[in-house]
Amino acid sequence: MRFRAKIVDLACLNHFSRLINTIAKLAKTCILRLTVCKLYFILSDKVANGGASMWCELSQGNFFDEFQMEGVAAEHNEIYLELVPENLSRALKTSQSAKAVKIKLTNKHCPCLRVAVELPSLSSSSRIVTHDIPVGVIPRRMWNDFREPSVPDFDVSIYLPVLKTMKNVVERMKNLSNFIVIEANLSGEMNLKIETDLVSVTTHFKDLGNPPWASEDGCQSSAQGRDLESMTEACIDIKKLQQLLAAQQVNPTKALCNIVHKRIVHFILLHEEVSLQYFIPAIA
């Protein structure tokens with residue numbers, strides 16, 4: 001089992017660093033799945049226990065100048081590692097002005113991801129700062145626990161408003177309640193509501209647009225013949241929503257939300273070559 005990679009391009013390095021920052025804000029620990037073409041960051045808190053889950057994937061070719069890996073076996077050419085993303089984020093913080101960053105899986109005293117940051121120096125020799133990040137190797141028999149979460153048959157799919165605006169609204173609402181109701185319809189309208197014994201606050205967004213995929217593959221057959229104005233809603237933990245919005249270090253080119261009535265809210269954030277899915281279960 002071997003893995004080594006190198007990033008030389010500064011723009012790619014900063015982009016990768018921001019992405020790891022985002023993940024560190026969403027997950028205390030996560031699974032890093034390495035394949036020949038892609039990297040995945042996976043958080044699978046059991047949704048049944050009220051935990052959020054995350055699936056983030058990126059093509060290694062868009063970030064790394066060199067990328068070599070050999071998985072646990074020829075027919076299972078993958079590696080699954082458990083790590084604390086905050087540690088990786090810290091290691092990459094020193095890379096703002098780096099000439100190159102090398103990442104390698106090592107096993108001296110325990111399995112580690114070694115991050116070697118090559119910094120420019122005044123003399124001809126460069127300075128290298130290395131960070132060893134402890135990782136746990138996930139055995140093959142447990143890989144199935146970290147498969148891509150299936151997207152439930154949603155009732156409504158809608159584009160999100162500007163995330164910064166949404167974040168400001170949610171931050172103000174967070175002081176009033178622990179729960180927030182997200183409701184949306186097939187006419188591009190979405191409301192964020194909180195209701196307590198003392199106060200009821202609703203923020204309305206309109207003309208957001210609904211993604212076209214609903215009708216193509218019949219995936220959203222339940223929407224056919226439905227009243228376009230009728231609202232589908234889910235009540236979720238406001239802290240989890242705020243965490244997702246506050247974590248965004250890169251402004252996604254597309255952001256949308258799928259709602260299964262009173263069951264789950266599924267967010268999809270797309271940014272060039274990265275896709276991040278985040279699932280927040282509804283509170284009964």
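Scroll up for the structure.
Presented here is a report on the structure given in the accompanying data block. (Residues numbered from 1 in each chain as written. Predicted model: local features only at pLDDT ≥ 70, side-chain atom pairs only at ≥ 80, totals over all residues. Heavy atoms only, no water.)

**Here's the deal with unusual backbone geometry**
Moving on, step 1. With phi around 60°, aspartate 207 is a residue other than glycine that occupies positive phi space.
Moving on, step 2. Secondary-structure assignment places aspartate 207 in the loop between β14 (200–205) and α4 (213–216).
Moving on, step 3. Among the residues examined, aspartate 207 registers a relative accessible area of 69% and is labelled exposed.
Moving on, step 4. Of note in this structure, glutamate 272 is not a glycine but carries a positive phi near 45°. (Helix = DSSP H or I, 4+ residues; strand = E, 2+ residues; numbered from the N terminus. Buried < 20%, exposed > 50% of the residue type's maximum accessible area, 1.4 Å probe, protein only.)

**Focus on the sheet that holds strand β8 (residues 111–119)**
Paired through backbone hydrogen bonds, the strands of a sheet run either parallel or antiparallel to each other.
Moving on, step 1. Within the open sheet, the five strands sit side by side as β5-β1-β7-β8-β9. Their pairing is antiparallel. Among the strands making up the open sheet, the edge pair consists of β5 (66–70) and β9 (127–134). Geometrically, the sheet is characterised by an average inter-axis angle of 15° between neighbouring strands, direction not taken into account.
Moving on, step 2. Bridge analysis of strand β1 (residues 2–7) against β5 gives five bridges, and the strand direction is antiparallel. Bridging across to β5, arginine 4 finds its partner in glutamine 68. (Pairing = 2+ DSSP bridges. Axes fitted to C-alpha atoms, helices over the stretch in contact; angles between N-to-C directions.)

**Brief notes about the nonpolar core**
Moving on, step 1. Judged by nonpolar contacts, the single largest core of 76 residues is most densely connected at Phe3, Leu113, Met190, Leu192, Leu241 and Phe267.
Moving on, step 2. With seven residues, helix α1 (residues 10–26) is the largest single contributor of residues to this core.
Moving on, step 3. Taken domain by domain, the makeup of this core includes at least three residues from each of domain 1 (2–145) and domain 2 (156–218 + 225–281).
Moving on, step 4. With sequence-adjacent residues up to four places away left out, leucine 241 is seen in contact with Met166, Val170, Ile180, Ile182, Ile236, Phe267 and Ile280. (Core = buried A, V, L, I, M, F, W, Y, C linked by side-chain atoms within 4.5 Å. Domains from an automatic or database assignment. Contact = heavy atoms within 4.5 Å.)

**Observations concerning empty space enclosed by the protein**
Moving on, step 1. All told, the structure shown has two cavities of 30 Å³ or more when counted by the stated rule.
Moving on, step 2. Every residue along the wall of the largest cavity is listed here: Leu19, Thr22, Ile23, Cys56, Gln248, Val250, Pro252, Leu269, Leu270, His271, Val274 and Leu276.
Moving on, step 3. Among the elements of the structure, α1, β17 (264–271) and β18 (274–281) are those that each provide at least two residues to the lining of the largest cavity.
Moving on, step 4. Split into classes, the residues belonging to the lining of the largest cavity amount to nine nonpolar, three polar and no charged.
Moving on, step 5. When we break the lining of the largest cavity down by domain, the ones giving at least three residues each are domain 1 (2–145) and domain 2 (156–218 + 225–281).
Moving on, step 6. Looking at the second largest cavity, its volume works out to about 60 Å³.
Moving on, step 7. Along the walls of the second largest cavity sit Phe3, Phe16, Leu32, Leu34, Leu39, Phe41, Phe64, Leu88, Ile103 and Leu113, which together make up its complete lining.
Moving on, step 8. Elements represented by at least two residues in the lining of the second largest cavity include exactly β2 (30–34) and β3 (38–44). (1 Å grid on protein atoms, 1.4 Å probe; cavity = no way out; pocket = protein on both sides within 12 Å on 5 of 7 lines; lining within 4 Å. Points joined across faces, edges and corners; volume = space filled by probe spheres on them. Nonpolar A, V, L, I, M, F, W, Y, C, P; charged D, E, K, R; others polar.)

**Quick look at the packing of aromatic side chains**
Moving on, step 1. Under the counting rule described, the total for this entry stands at six aromatic pairs.
Moving on, step 2. Aromatic side chains phenylalanine 3 and phenylalanine 67 sit 5.4 Å apart centroid to centroid with 65° between the ring planes, which places their arrangement in the edge-to-face category. Here phenylalanine 3 is found in strand β1, whereas its partner phenylalanine 67 is found in strand β5, with 64 residues between them in sequence.
Moving on, step 3. Taking relative accessible area as the criterion, phenylalanine 3 reaches 5% and is therefore assigned buried.
Moving on, step 4. Taking 5.5 Å as the distance between ring centres and 55° as the angle between the ring planes, the aromatic pair formed by phenylalanine 64 and phenylalanine 67 counts as tilted. Accessibility classification places phenylalanine 64 together with phenylalanine 67 in one group, the buried group.
Moving on, step 5. Aromatic ring contacts, followed pair by pair, group Phe3, Phe16, Phe63, Phe64 and Phe67 into a single cluster.
Moving on, step 6. In this arrangement the basic side chain of arginine 33 is found over the ring face of tyrosine 40, its NZ or CZ atom lying 4.4 Å from the centre. (Phe/Tyr/Trp six-rings, centres within 6.5 Å; stacked < 30°, edge-to-face > 60°. Lys NZ or Arg CZ within 6 Å of the ring centre and 35° of its normal.)

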